[in-house]
Amino acid sequence: MSSIPAQPYDYELPQNLHSLALIIIDMQRDFMEPGGFGDALGNDVLRLQAIVPTLKQLLETFRAKGLPVFHTIECHKPDLSDCPPSKLNRGKGSLKIGDEGPMGRILVMDEPGNGIIPELAPLQNETVILKPGKGAFYATPLETLLKEKGITHLLVTGVTTEVCVQTTMREANDRGYECLMVEDCTESYFPEFKQSTLEMVRAQGGIVGWTAPAAAVIEALELATQPAIAV
Ligand code: TIU
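Residues numbered from 1 in each chain as written. Predicted model: local features only at pLDDT ≥ 70, side-chain atom pairs only at ≥ 80, totals over all residues. Heavy atoms only, no water.

A. Just the site of the ligand, in detail. Taken together, Asp26, Phe31, Phe37, Leu41, Glu74, Val159, Thr160, Val163, Cys164 and Tyr189 make up all the residues around the ligand. Val159 places a polar main-chain atom, nitrogen or oxygen, 3.1 Å from a nitrogen atom of the ligand. A distance of 2.8 Å separates an oxygen atom of the ligand from a polar side-chain atom of Thr160. Summarising the interface, the protein chains cover 91% of the accessible area of the ligand, which totals 280 Å² for the free molecule. Looking at side-chain class alone, the shell around the ligand contains 7 nonpolar, 1 polar and 2 charged residues. (Near = heavy atom within 4 Å. Polar contact = N/O pair within 3.5 Å; in protein donor to acceptor, adjacent residues only side chain to side chain. Areas by Shrake-Rupley, 256 points an atom, 1.4 Å probe, with all protein chains shown as cover. Nonpolar A, V, L, I, M, F, W, Y, C, P; charged D, E, K, R; others polar.)

Laid out in structure tokens, this is it:
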């Protein structure tokens, strides 16, 4: 059995590696670039850029091995019928969800600013989940699709760590998925919140799951997929 050196202890990979999926949460222009939703909420969005090369490397590893990849996009219908007041009325900036910004309407599906950043653009064979909430399981087909594909283990990445990434990981943990958050493939507008989230996840014997850096994940995947040497 292969495992990833992780905290609070090693993360056992599934017997069939195709039961392990990479889930990339909301790597959208709306959160990563000036003029989007993250910016409208008053955040320094450019600090999220640092994870892009590392996440790209992990994504390329999954692609090279033919392992399943899921991307999510946080978005709302143009009529905002799926955006409750409890979400719409957030932030006190000049723009809110649905307003016209420099990249189109804020957090509205198919607008230029709502798309995934070009560096991590999904391929045809990768699943894209459109989600109206913070968690990727709420009001989406994600659980059904994971079951159909026999996926039991999730590597959770993306932005922002303590909002959509952590919510998704907690939802997944409650549904029975073995989850590892990839430390340098997730970022927050608040470095201290990222750090606290990583610590919360792995506290109490891994109450929510595991954490490990991308290099440890990639090395374990390389080892697990090496052809056996004949003796
Ligand atoms: N504001 C913030 O930190 N995050 C979100 O609104 N959505 C996600 O985390 N994707």
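B. Layout of the nonpolar core. If you look at the biggest cluster of nonpolar residues, it comprises 47 residues, and the most contacted ones within it are Ile4, Tyr11, Met27, Phe62, Leu155, Leu180 and Val217. Elements represented by at least two residues in this core include exactly β3 (20-25), α1 (29-32), α3 (52-65), β4 (69-74), β8 (153-159), β9 (178-187), β10 (210-212) and α8 (214-224). Per-element tally for this core: the top contributor is α8, with 6 residues. Ala21, Ile23, Ile129 and Phe137 belong to the second-largest nonpolar core, a separate cluster that totals 22 residues. (Core = buried A, V, L, I, M, F, W, Y, C linked by side-chain atoms within 4.5 Å. Buried < 20%, exposed > 50% of the residue type's maximum accessible area, 1.4 Å probe, protein only. Helix = DSSP H or I, 4+ residues; strand = E, 2+ residues; numbered from the N terminus.)

C. Expanded view of the sheet that holds β8. The parallel open sheet is built from 6 strands, whose spatial order is β7-β4-β3-β8-β9-β10. At either margin of the open sheet sits one strand with a lone partner, and together these are β7 (127-131) and β10. Sheet twist, expressed as the mean angle between neighbouring strand axes with direction ignored, is 25°. Taken together, the 6 bridges between β8 and β9 define a ladder with parallel strand orientation. In the strand pairing of β9, Val159 is matched with Glu187. Packed on one face of the sheet, α3 meets β3, β4, β8 and β9 and runs near 145° to β3. (Pairing = 2+ DSSP bridges. Axes fitted to C-alpha atoms, helices over the stretch in contact; angles between N-to-C directions. Contact = heavy atoms within 4.5 Å.)

D. Spotlight on the environment of Ile129. On the secondary structure map, Ile129 appears in strand β7. The exposure class assigned to Ile129 is buried, which follows from its relative accessible area of 1%. Counting along the chain gives 59 residues from Ile129 to Phe70, while the straight-line C-alpha distance between them is 7.2 Å. Contact partners of Ile129, with chain neighbours within four places excluded, come to Phe70, His71, Thr72, Ile73, Ala136, Thr140, Pro141, Leu142 and Leu145.

E. A look at unusual backbone geometry. Omega for the peptide link from Gln7 to Pro8 comes to 5°, which places this bond in the cis form. Residue position: Pro8 is located in the loop between β1 (3-4) and β2 (11-12). For the bond running from Val159 to Thr160, omega is -15°, close enough to zero to count as cis. Inspection of the secondary structure assignment puts Thr160 in the loop between β8 and α6 (161-174). A positive phi angle is found at Ala139, which is not glycine, with a value near 60°. When you line up the elements, Ala139 lands in the loop between β7 and α5 (142-148). What makes Ala139 exposed here is its relative accessible area of 55%. A positive phi is found at Gln204, a non-glycine position, where the angle reads about 55°.

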